[in-house]
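Residues per chain, in single letters:
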Amino acid sequence: MDRNRGVGFVTVMAGGGSSTGNVRVRKVVVVGGGIVGASSAYFLAKRGVEVEVLESNGVACAASGKAGGFLALDWNDEGGNPVGSLSRASFSLHKELARDFGPDAIGYRLISAVAANLPENARHEASKASYLGYVSRETVIGTTETCAQVHPEKLTKALMRGSSATVTIAKVIGINHSDSKITSLRMEGGATRPIADDEMVVFALGPWSNLVSKELGLPTFYGQKALSMVVPTDPPLSPYASFTNWRGKSPEIYPRADEAYVCGFGESLRIVTEKPDEVVPLESGERQLRAFTKEILGSMGDNVPVRACHLPLAEDGIPVIGSLESNGAENGVLAAGHSCWGILNGPATGKVVSELICDGEISLIPKWVVSSISPARFASRTRSR
Ligand SMILES: Cc1cc2nc3c(=O)[nH]c(=O)nc-3n(C[C@H](O)[C@H](O)[C@H](O)COP(=O)(O)OP(=O)(O)OC[C@H]3O[C@@H](n4cnc5c(N)ncnc54)[C@H](O)[C@@H]3O)c2cc1C
(Lines give C-alpha, C1' and ligand atoms only; values in the text may rest on other atoms or scores of the structure.)
Protein backbone atom coordinates (compact mmCIF):
# COMPACT_ATOMS: atom_id res chain seq x y z
CA MET A 1 0.00 0.00 0.00
CA ASP A 2 1.17 3.52 -0.74
CA ARG A 3 1.31 4.89 2.80
CA ASN A 4 1.58 8.46 1.62
CA ARG A 5 -1.88 8.22 0.29
CA GLY A 6 -3.03 6.01 3.12
CA VAL A 7 -4.56 8.28 5.69
CA GLY A 8 -7.52 5.93 5.82
CA PHE A 9 -10.05 8.72 5.76
CA VAL A 10 -13.61 7.78 6.50
CA THR A 11 -16.23 7.94 3.81
CA VAL A 12 -18.85 10.10 5.48
CA MET A 13 -19.40 13.26 3.45
CA ALA A 14 -19.18 16.52 5.34
CA GLY A 15 -22.49 17.45 6.94
CA GLY A 16 -23.01 21.19 6.63
CA GLY A 17 -19.29 21.84 6.92
CA SER A 18 -17.98 21.31 3.42
CA SER A 19 -17.97 24.10 0.91
CA THR A 20 -15.82 22.18 -1.53
CA GLY A 21 -17.67 18.89 -1.69
CA ASN A 22 -14.33 17.03 -1.31
CA VAL A 23 -14.45 16.67 2.41
CA ARG A 24 -14.94 13.20 3.81
CA VAL A 25 -14.30 14.00 7.43
CA ARG A 26 -16.88 16.04 9.29
CA LYS A 27 -14.75 17.14 12.18
CA VAL A 28 -11.08 17.13 13.22
CA VAL A 29 -9.85 17.28 16.80
CA VAL A 30 -6.48 19.06 16.87
CA VAL A 31 -4.44 18.42 20.02
CA GLY A 32 -2.03 21.31 20.65
CA GLY A 33 -2.48 25.02 19.96
CA GLY A 34 0.96 26.06 18.69
CA ILE A 35 1.73 27.22 15.13
CA VAL A 36 1.38 23.65 13.80
CA GLY A 37 -2.00 23.06 15.45
CA ALA A 38 -3.26 26.52 14.48
CA SER A 39 -2.08 26.15 10.87
CA SER A 40 -3.71 22.73 10.63
CA ALA A 41 -6.96 24.17 12.02
CA TYR A 42 -6.80 27.10 9.56
CA PHE A 43 -6.21 25.07 6.40
CA LEU A 44 -8.73 22.40 7.43
CA ALA A 45 -11.33 25.10 8.03
CA LYS A 46 -10.58 26.50 4.56
CA ARG A 47 -11.59 23.08 3.23
CA GLY A 48 -14.87 23.22 5.12
CA VAL A 49 -13.92 20.96 8.01
CA GLU A 50 -15.13 21.80 11.52
CA VAL A 51 -12.22 21.92 13.98
CA GLU A 52 -12.04 21.48 17.73
CA VAL A 53 -8.73 22.28 19.42
CA LEU A 54 -7.70 20.76 22.75
CA GLU A 55 -4.86 22.84 24.20
CA SER A 56 -3.47 22.30 27.69
CA ASN A 57 -2.42 25.85 28.53
CA GLY A 58 -3.28 28.47 25.90
CA VAL A 59 -2.89 29.15 22.20
CA ALA A 60 0.76 30.05 21.42
CA CYS A 61 1.80 29.56 25.05
CA ALA A 62 5.01 27.66 24.18
CA ALA A 63 7.66 28.04 21.41
CA SER A 64 5.07 29.27 18.92
CA GLY A 65 4.48 32.35 21.05
CA LYS A 66 8.11 32.87 22.04
CA ALA A 67 10.02 32.22 18.81
CA GLY A 68 11.84 34.74 16.66
CA GLY A 69 9.73 34.43 13.54
CA PHE A 70 12.57 34.52 11.03
CA LEU A 71 11.60 33.04 7.63
CA ALA A 72 13.94 31.96 4.84
CA LEU A 73 13.04 30.64 1.42
CA ASP A 74 16.04 28.43 0.77
CA TRP A 75 18.07 27.89 3.93
CA ASN A 76 16.92 24.27 4.14
CA ASP A 77 17.77 23.42 0.53
CA GLU A 78 21.20 21.91 1.04
CA GLY A 79 22.11 18.26 0.67
CA GLY A 80 18.76 16.93 -0.46
CA ASN A 81 17.13 17.91 2.84
CA PRO A 82 13.39 17.09 2.53
CA VAL A 83 12.62 20.14 4.66
CA GLY A 84 13.73 22.32 1.72
CA SER A 85 10.53 21.79 -0.27
CA LEU A 86 8.38 22.31 2.80
CA SER A 87 10.16 25.60 3.52
CA ARG A 88 9.85 26.89 -0.05
CA ALA A 89 6.12 26.11 -0.05
CA SER A 90 5.68 27.66 3.38
CA PHE A 91 7.61 30.82 2.50
CA SER A 92 5.02 31.43 -0.26
CA LEU A 93 2.13 30.62 2.07
CA HIS A 94 3.42 33.22 4.55
CA LYS A 95 3.17 35.83 1.78
CA GLU A 96 -0.43 34.75 1.13
CA LEU A 97 -1.25 34.86 4.84
CA ALA A 98 0.19 38.38 5.05
CA ARG A 99 -2.18 39.38 2.26
CA ASP A 100 -5.14 37.64 3.97
CA PHE A 101 -4.57 38.95 7.49
CA GLY A 102 -2.76 42.19 6.61
CA PRO A 103 1.03 42.32 7.17
CA ASP A 104 0.89 44.48 10.30
CA ALA A 105 -1.59 42.17 12.04
CA ILE A 106 0.96 39.34 11.99
CA GLY A 107 4.19 41.37 11.96
CA TYR A 108 5.10 40.25 8.44
CA ARG A 109 7.81 42.12 6.57
CA LEU A 110 10.77 41.41 4.34
CA ILE A 111 14.12 41.60 6.11
CA SER A 112 17.82 41.11 5.37
CA ALA A 113 20.13 38.86 7.35
CA VAL A 114 23.77 39.19 8.35
CA ALA A 115 26.32 36.96 10.02
CA ALA A 116 28.00 39.25 12.53
CA ASN A 117 31.20 39.04 14.53
CA LEU A 118 30.98 41.10 17.69
CA PRO A 119 34.11 42.61 19.20
CA GLU A 120 35.42 41.26 22.51
CA ASN A 121 34.91 43.34 25.63
CA ALA A 122 33.48 46.38 23.93
CA ARG A 123 30.28 47.93 25.18
CA HIS A 124 27.85 49.43 22.74
CA GLU A 125 25.86 52.36 24.00
CA ALA A 126 25.50 54.14 20.67
CA SER A 127 22.48 54.77 18.51
CA LYS A 128 20.09 51.84 18.71
CA ALA A 129 18.88 52.60 15.23
CA SER A 130 22.30 51.70 13.86
CA TYR A 131 23.04 48.75 16.05
CA LEU A 132 25.01 47.14 13.28
CA GLY A 133 27.58 49.90 13.76
CA TYR A 134 28.74 47.79 16.68
CA VAL A 135 29.52 44.82 14.50
CA SER A 136 33.22 44.41 13.71
CA ARG A 137 32.69 42.31 10.62
CA GLU A 138 29.46 41.37 8.95
CA THR A 139 28.54 39.25 5.96
CA VAL A 140 25.21 39.54 4.23
CA ILE A 141 23.73 36.04 4.25
CA GLY A 142 20.17 36.82 3.16
CA THR A 143 18.34 39.59 1.35
CA THR A 144 14.72 40.73 1.21
CA GLU A 145 14.32 38.52 -1.86
CA THR A 146 14.59 35.40 0.27
CA CYS A 147 14.13 36.43 3.91
CA ALA A 148 11.16 37.72 5.88
CA GLN A 149 9.80 37.73 9.40
CA VAL A 150 6.53 37.39 11.28
CA HIS A 151 5.45 37.94 14.86
CA PRO A 152 4.92 34.26 15.83
CA GLU A 153 2.37 34.83 18.61
CA LYS A 154 0.29 37.20 16.48
CA LEU A 155 0.42 34.82 13.52
CA THR A 156 -0.49 31.73 15.57
CA LYS A 157 -3.44 33.52 17.17
CA ALA A 158 -4.59 34.95 13.81
CA LEU A 159 -4.53 31.47 12.28
CA MET A 160 -6.49 30.06 15.18
CA ARG A 161 -9.08 32.86 15.03
CA GLY A 162 -9.25 32.49 11.25
CA SER A 163 -10.10 28.80 11.63
CA SER A 164 -13.14 29.55 13.82
CA ALA A 165 -12.14 26.45 15.77
CA THR A 166 -13.62 25.77 19.17
CA VAL A 167 -10.63 25.97 21.52
CA THR A 168 -10.94 24.12 24.81
CA ILE A 169 -8.29 24.42 27.48
CA ALA A 170 -7.84 20.76 28.34
CA LYS A 171 -4.86 18.47 28.67
CA VAL A 172 -4.88 15.16 26.81
CA ILE A 173 -3.14 12.51 28.91
CA GLY A 174 -3.80 9.35 26.94
CA ILE A 175 -5.05 7.75 23.74
CA ASN A 176 -7.48 4.82 23.69
CA HIS A 177 -7.42 2.83 20.49
CA SER A 178 -8.54 -0.37 18.85
CA ASP A 179 -6.29 -2.26 16.41
CA SER A 180 -6.77 0.31 13.69
CA LYS A 181 -8.32 3.46 15.16
CA ILE A 182 -8.19 6.00 17.93
CA THR A 183 -11.43 5.51 19.83
CA SER A 184 -11.12 8.25 22.46
CA LEU A 185 -8.75 10.69 24.12
CA ARG A 186 -8.26 10.57 27.88
CA MET A 187 -8.32 13.99 29.47
CA GLU A 188 -6.76 15.22 32.70
CA GLY A 189 -9.46 15.17 35.36
CA GLY A 190 -10.94 11.84 34.26
CA ALA A 191 -13.11 12.77 31.26
CA THR A 192 -12.75 11.11 27.85
CA ARG A 193 -13.36 12.65 24.44
CA PRO A 194 -14.79 9.90 22.18
CA ILE A 195 -13.67 10.01 18.55
CA ALA A 196 -16.62 9.35 16.24
CA ASP A 197 -16.38 7.51 12.91
CA ASP A 198 -16.55 10.77 10.97
CA GLU A 199 -13.84 12.46 13.04
CA MET A 200 -10.04 12.45 12.90
CA VAL A 201 -7.35 13.52 15.34
CA VAL A 202 -4.30 15.66 14.54
CA PHE A 203 -1.55 15.65 17.17
CA ALA A 204 0.46 18.89 17.09
CA LEU A 205 2.20 18.68 20.43
CA GLY A 206 5.70 19.97 19.63
CA PRO A 207 8.18 18.62 22.22
CA TRP A 208 5.30 17.00 24.14
CA SER A 209 4.72 14.50 21.31
CA ASN A 210 5.93 11.58 23.45
CA LEU A 211 2.29 11.23 24.42
CA VAL A 212 1.83 9.83 20.90
CA SER A 213 5.18 7.99 20.81
CA LYS A 214 4.43 6.17 24.03
CA GLU A 215 0.93 5.05 23.08
CA LEU A 216 1.37 4.47 19.33
CA GLY A 217 4.97 3.32 19.23
CA LEU A 218 7.03 6.07 17.60
CA PRO A 219 10.59 7.05 18.52
CA THR A 220 11.20 9.55 21.30
CA PHE A 221 10.80 13.29 20.76
CA TYR A 222 13.14 15.76 22.42
CA GLY A 223 13.19 19.41 23.34
CA GLN A 224 16.08 21.84 23.30
CA LYS A 225 15.52 24.72 25.66
CA ALA A 226 16.44 28.19 24.38
CA LEU A 227 16.00 31.64 25.90
CA SER A 228 14.64 34.88 24.56
CA MET A 229 13.85 38.49 25.43
CA VAL A 230 11.61 41.00 23.70
CA VAL A 231 13.05 44.47 24.17
CA PRO A 232 11.01 47.58 23.26
CA THR A 233 13.00 49.82 20.89
CA ASP A 234 12.29 53.41 20.03
CA PRO A 235 13.43 54.28 17.42
CA PRO A 236 13.31 50.85 15.76
CA LEU A 237 16.51 48.95 14.94
CA SER A 238 17.50 48.68 11.31
CA PRO A 239 15.80 45.65 9.71
CA TYR A 240 18.70 43.19 9.71
CA ALA A 241 18.36 39.82 11.39
CA SER A 242 21.78 39.22 12.94
CA PHE A 243 23.25 35.78 13.46
CA THR A 244 26.12 36.64 15.74
CA ASN A 245 29.28 35.12 17.04
CA TRP A 246 29.68 36.27 20.64
CA ARG A 247 32.07 34.72 23.18
CA GLY A 248 31.87 31.35 21.43
CA LYS A 249 28.04 31.35 21.38
CA SER A 250 25.62 32.22 18.59
CA PRO A 251 22.85 34.49 19.88
CA GLU A 252 20.50 36.02 17.32
CA ILE A 253 18.71 39.36 17.05
CA TYR A 254 15.56 39.96 15.06
CA PRO A 255 14.53 43.61 14.95
CA ARG A 256 10.78 44.12 14.63
CA ALA A 257 8.77 47.27 13.99
CA ASP A 258 8.87 48.45 17.62
CA GLU A 259 10.90 45.87 19.49
CA ALA A 260 13.97 43.68 19.20
CA TYR A 261 13.75 39.94 19.74
CA VAL A 262 16.98 38.51 21.16
CA CYS A 263 17.49 34.77 21.61
CA GLY A 264 20.03 32.02 22.11
CA PHE A 265 21.92 30.08 24.79
CA GLY A 266 20.25 26.75 24.06
CA GLU A 267 20.76 23.80 26.37
CA SER A 268 21.34 20.19 25.37
CA LEU A 269 18.55 17.97 24.07
CA ARG A 270 16.36 16.18 26.58
CA ILE A 271 12.94 14.67 27.02
CA VAL A 272 10.57 17.44 28.09
CA THR A 273 8.68 16.58 31.26
CA GLU A 274 7.68 20.06 32.45
CA LYS A 275 4.29 21.46 31.54
CA PRO A 276 4.40 24.40 29.11
CA ASP A 277 3.93 26.93 31.94
CA GLU A 278 6.73 25.37 34.00
CA VAL A 279 9.52 25.92 31.46
CA VAL A 280 11.98 28.39 33.02
CA PRO A 281 15.47 29.58 32.08
CA LEU A 282 18.59 28.21 33.76
CA GLU A 283 20.35 30.93 35.73
CA SER A 284 23.58 30.66 33.69
CA GLY A 285 21.74 31.04 30.37
CA GLU A 286 19.76 33.98 31.67
CA ARG A 287 22.98 35.70 32.81
CA GLN A 288 24.54 35.27 29.37
CA LEU A 289 21.48 36.46 27.47
CA ARG A 290 21.26 39.55 29.68
CA ALA A 291 24.97 40.29 29.22
CA PHE A 292 24.67 39.96 25.45
CA THR A 293 21.55 42.14 25.30
CA LYS A 294 23.23 44.78 27.46
CA GLU A 295 26.18 44.94 25.08
CA ILE A 296 23.98 45.37 22.04
CA LEU A 297 21.06 47.40 23.37
CA GLY A 298 22.45 49.12 26.43
CA SER A 299 19.99 49.50 29.30
CA MET A 300 16.86 49.06 27.16
CA GLY A 301 16.49 45.42 28.16
CA ASP A 302 17.26 45.80 31.88
CA ASN A 303 13.73 45.19 33.14
CA VAL A 304 12.63 42.81 30.43
CA PRO A 305 11.92 39.21 31.55
CA VAL A 306 13.86 36.31 30.06
CA ARG A 307 11.61 33.55 28.72
CA ALA A 308 12.34 29.92 27.97
CA CYS A 309 10.79 27.44 25.56
CA HIS A 310 11.75 24.30 23.65
CA LEU A 311 12.66 23.62 20.05
CA PRO A 312 10.84 20.36 19.28
CA LEU A 313 13.02 17.64 17.77
CA ALA A 314 12.44 14.17 16.37
CA GLU A 315 15.15 11.58 16.79
CA ASP A 316 16.51 12.08 13.25
CA GLY A 317 16.06 15.85 13.27
CA ILE A 318 13.47 15.81 10.48
CA PRO A 319 9.85 16.82 11.14
CA VAL A 320 7.35 13.98 11.45
CA ILE A 321 4.24 14.82 9.44
CA GLY A 322 1.70 12.32 8.17
CA SER A 323 -0.77 9.56 8.83
CA LEU A 324 -0.49 7.33 11.90
CA GLU A 325 -2.04 4.44 10.00
CA SER A 326 1.13 2.34 10.20
CA ASN A 327 1.02 2.89 13.96
CA GLY A 328 -2.46 1.44 14.23
CA ALA A 329 -4.38 4.71 14.07
CA GLU A 330 -5.80 5.27 10.60
CA ASN A 331 -7.85 8.20 11.91
CA GLY A 332 -4.77 9.92 13.38
CA VAL A 333 -2.23 12.38 11.95
CA LEU A 334 0.99 13.51 13.61
CA ALA A 335 2.73 16.84 12.90
CA ALA A 336 5.72 17.55 15.15
CA GLY A 337 9.48 17.95 15.42
CA HIS A 338 9.94 21.20 13.50
CA SER A 339 13.12 22.15 15.30
CA CYS A 340 14.23 25.76 14.70
CA TRP A 341 12.01 26.21 11.63
CA GLY A 342 8.52 25.61 12.98
CA ILE A 343 7.30 29.16 12.42
CA LEU A 344 8.55 29.07 8.83
CA ASN A 345 7.22 25.58 8.16
CA GLY A 346 3.99 25.78 10.18
CA PRO A 347 1.72 26.98 7.34
CA ALA A 348 2.97 24.34 4.85
CA THR A 349 2.56 21.71 7.55
CA GLY A 350 -1.04 22.81 8.12
CA LYS A 351 -1.75 22.72 4.42
CA VAL A 352 -0.19 19.26 4.08
CA VAL A 353 -2.32 18.03 7.00
CA SER A 354 -5.45 19.44 5.37
CA GLU A 355 -4.63 17.81 2.01
CA LEU A 356 -3.97 14.48 3.68
CA ILE A 357 -7.29 14.56 5.52
CA CYS A 358 -9.46 16.07 2.79
CA ASP A 359 -7.92 14.53 -0.35
CA GLY A 360 -6.19 11.42 0.97
CA GLU A 361 -2.96 12.54 -0.69
CA ILE A 362 -0.53 15.44 -0.46
CA SER A 363 0.11 17.64 -3.49
CA LEU A 364 1.90 20.66 -1.95
CA ILE A 365 5.29 18.91 -1.79
CA PRO A 366 6.94 16.18 -3.91
CA LYS A 367 6.13 12.53 -3.15
CA TRP A 368 9.69 11.70 -2.00
CA VAL A 369 9.42 14.49 0.57
CA VAL A 370 6.04 13.17 1.73
CA SER A 371 7.68 9.78 2.46
CA SER A 372 10.77 11.34 4.04
CA ILE A 373 8.73 13.23 6.61
CA SER A 374 6.07 10.56 7.20
CA PRO A 375 5.79 8.74 10.56
CA ALA A 376 5.78 5.58 8.40
CA ARG A 377 9.58 5.98 8.05
CA PHE A 378 9.78 4.53 11.57
CA ALA A 379 7.39 1.69 10.75
CA SER A 380 9.98 -1.06 11.22
CA ARG A 381 10.17 -0.18 14.92
CA THR A 382 8.23 -2.43 17.27
CA ARG A 383 5.01 -0.91 18.42
CA SER A 384 4.75 -0.81 22.20
CA ARG A 385 1.07 -1.25 22.68
C1 LIG B 1 14.07 30.58 21.11
C2 LIG B 1 13.41 30.04 19.84
C3 LIG B 1 13.43 30.81 18.68
C4 LIG B 1 12.85 30.31 17.51
N5 LIG B 1 12.86 31.06 16.38
C6 LIG B 1 12.31 30.59 15.24
C7 LIG B 1 12.35 31.38 14.05
O8 LIG B 1 12.87 32.49 14.03
N9 LIG B 1 11.79 30.85 12.91
C10 LIG B 1 11.21 29.62 12.90
O11 LIG B 1 10.73 29.19 11.84
N12 LIG B 1 11.14 28.87 14.02
C13 LIG B 1 11.69 29.32 15.18
N14 LIG B 1 11.67 28.56 16.32
C15 LIG B 1 11.07 27.20 16.27
C16 LIG B 1 9.57 27.24 16.48
O17 LIG B 1 9.27 28.08 17.55
C18 LIG B 1 9.03 25.84 16.76
O19 LIG B 1 9.52 24.91 15.81
C20 LIG B 1 7.50 25.85 16.67
O21 LIG B 1 6.98 26.88 17.47
C22 LIG B 1 6.91 24.51 17.09
O23 LIG B 1 5.53 24.62 17.00
P24 LIG B 1 4.57 23.46 17.48
O25 LIG B 1 3.18 23.91 17.24
O26 LIG B 1 5.02 22.18 16.90
O27 LIG B 1 4.87 23.30 19.05
P28 LIG B 1 4.56 24.28 20.33
O29 LIG B 1 4.61 25.70 19.98
O30 LIG B 1 5.46 23.76 21.39
O31 LIG B 1 3.05 23.91 20.64
C32 LIG B 1 2.67 22.70 21.24
C33 LIG B 1 1.38 22.99 22.00
O34 LIG B 1 0.89 21.76 22.57
C35 LIG B 1 0.34 22.06 23.85
N36 LIG B 1 0.32 20.83 24.64
C37 LIG B 1 1.39 20.19 25.16
N38 LIG B 1 0.98 19.07 25.80
C39 LIG B 1 -0.37 19.01 25.64
C40 LIG B 1 -1.34 18.06 26.05
N41 LIG B 1 -1.01 16.95 26.72
N42 LIG B 1 -2.64 18.29 25.72
C43 LIG B 1 -3.01 19.40 25.01
N44 LIG B 1 -2.10 20.32 24.59
C45 LIG B 1 -0.79 20.12 24.91
C46 LIG B 1 1.28 23.11 24.42
O47 LIG B 1 0.67 23.85 25.45
C48 LIG B 1 1.59 23.95 23.18
O49 LIG B 1 0.71 25.05 23.05
C50 LIG B 1 12.24 29.03 17.50
C51 LIG B 1 12.21 28.28 18.69
C52 LIG B 1 12.79 28.76 19.84
C53 LIG B 1 12.76 27.92 21.09
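All values reported here derive from a predicted model rather than from experimental measurement.

This part takes up the site of the ligand. In the vicinity of the ligand there are 40 residues, among which Glu 55, Ser 64, Phe 70, Ser 339 and Leu 344 approach most closely. The backbone of Phe 70 places a nitrogen or oxygen atom 2.8 Å from an oxygen atom of the ligand. For the ligand, a nitrogen atom lies 2.9 Å from a polar atom in the backbone of Cys 340. Elements represented by at least two residues in the shell around the ligand include exactly α1 (35-46), β2 (50-55), α2 (63-66), β17 (307-314) and α8 (342-359). Here the shell around the ligand is built from residues that sort into 26 nonpolar, 12 polar and 2 charged.

As for its position among the elements, Leu 237 is in the loop between β13 (221-232) and β14 (240-245). Under the relative-accessibility criterion, Leu 237 is labelled buried at 4%. Remark: the alpha-carbon pair of Leu 237 and Tyr 254, spanning 17 residues in sequence, is separated by 9.0 Å.

Ordered by their spatial adjacency, 6 strands build an open sheet running β8-β2-β1-β12-β19-β18, and the pairing between neighbours is mixed. Edge positions in the open sheet fall to β8 (166-169) and β18 (320-324), since each of these has one partner strand only. For this sheet the average axis-to-axis angle between neighbouring strands, irrespective of direction, equals 20°. With 5 bridges joining them, strand β1 (residues 27-31) and strand β12 (residues 199-203) adopt parallel strand pairing. The partner of Val 31 across the bridge, within β12, is Phe 203.

Let us look at the nonpolar core. The nonpolar side chains of a soluble globular protein tend to be buried with one another. Formed by 63 residues in total, the largest nonpolar core has its most connected members in Val 28, Phe 70, Leu 71, Ile 357 and Ile 365. Tallying contributions element by element places α8 first for this core, with 8 residues. Setting aside its immediate chain neighbours within four residues, Ile 365 contacts Ser 85, Leu 86, Val 352, Val 370 and Ile 373. In terms of nonpolar packing, the next biggest core, distinct from the first, is built from 25 residues, Val 29, Ile 175, Leu 216 and Ala 314 among them.

Bringing the sheet that holds strand β11 (residues 192-194) into the picture now. Taken together, 3 strands build an open sheet; the order of strands is β9-β10-β11 and the sheet is antiparallel. Two strands in the sheet have a free side with no partner beyond their single neighbour: β9 (172-177) and β11. Adjacent strand axes in the sheet meet at a mean angle of 25°, parallel and antiparallel pairs treated alike. Bridge count for strand β10 (residues 182-187) against β11 is 3 bridges, and the pairing is antiparallel. Bridge assignment links Ser 184 to a residue of β11, and that residue is Pro 194.

Counting through the fold element by element, Thr 244 comes out in strand β14. With relative accessibility at 6%, the residue Thr 244 sits in the buried group. Looking at Thr 244, its side chain comes within polar contact range of the main-chain oxygen of Pro 251, at 2.7 Å. Not counting chain neighbours up to four residues away, the residues in contact with Thr 244 comprise Ala 116, Leu 118, Lys 249, Ser 250, Pro 251, Ile 253 and Phe 292.

In this section: the side chain of His 338. On the secondary structure map, His 338 appears in the loop between β19 (329-336) and α8. If we skip the residues at most four places from it in the chain, His 338 touches Val 36, Pro 312, Pro 319, Ile 321, Asn 345 and Thr 349.

Looking now at the environment of Pro 276. In this fold, Pro 276 is placed in the loop between β16 (259-264) and α7 (283-297). Sequence separation between Pro 276 and Cys 309 is 33 residues, and the spatial gap between their C-alpha atoms is 7.9 Å. Those residues within four positions of Pro 276 in sequence are excluded, and the remaining contacts are Ser 56, Asn 57, Cys 61 and Trp 208.

With 5 of its 6 residues buried, β2 lies for the most part within the structure. Of the pairings in the sheet, the one linking β1 to β2 comprises 5 bridges and is parallel in character. Looking at β2, one finds that Lys 27 is bridged to Glu 50. In this fold, β1 hands off to α1, which returns the chain to β2; that crossover is right-handed. Examined bridge by bridge, β2 and β8 share 4 bridges and lie parallel to one another. Bridge pairing in β8 links Leu 54 to Thr 168.

On average, residues of the chain score 89 in pLDDT, and 88% of them are at 70 or above. The model gives residues 1-23 a pLDDT under 50, and that stretch makes 58 contacts with residues more than four places away or in other chains. Across residues 124-129, confidence stays below pLDDT 50; counting only partners more than four residues off in sequence or on other chains, it has 16 contacts.

What counts, and at which threshold
- Residues numbered from 1 in each chain as written.
- Predicted model: local features only at pLDDT ≥ 70, side-chain atom pairs only at ≥ 80, totals over all residues.
- Heavy atoms only, no water.
- Near = heavy atom within 4 Å.
- Polar contact = N/O pair within 3.5 Å; in protein donor to acceptor, adjacent residues only side chain to side chain.
- Helix = DSSP H or I, 4+ residues; strand = E, 2+ residues; numbered from the N terminus.
- Nonpolar A, V, L, I, M, F, W, Y, C, P; charged D, E, K, R; others polar.
- Buried < 20%, exposed > 50% of the residue type's maximum accessible area, 1.4 Å probe, protein only.
- Pairing = 2+ DSSP bridges.
- Axes fitted to C-alpha atoms, helices over the stretch in contact; angles between N-to-C directions.
- Core = buried A, V, L, I, M, F, W, Y, C linked by side-chain atoms within 4.5 Å.
- Contact = heavy atoms within 4.5 Å.
- Right-handed = clockwise from strand over helix to strand, strands pointing away.
- pLDDT = per-residue confidence, 0-100.

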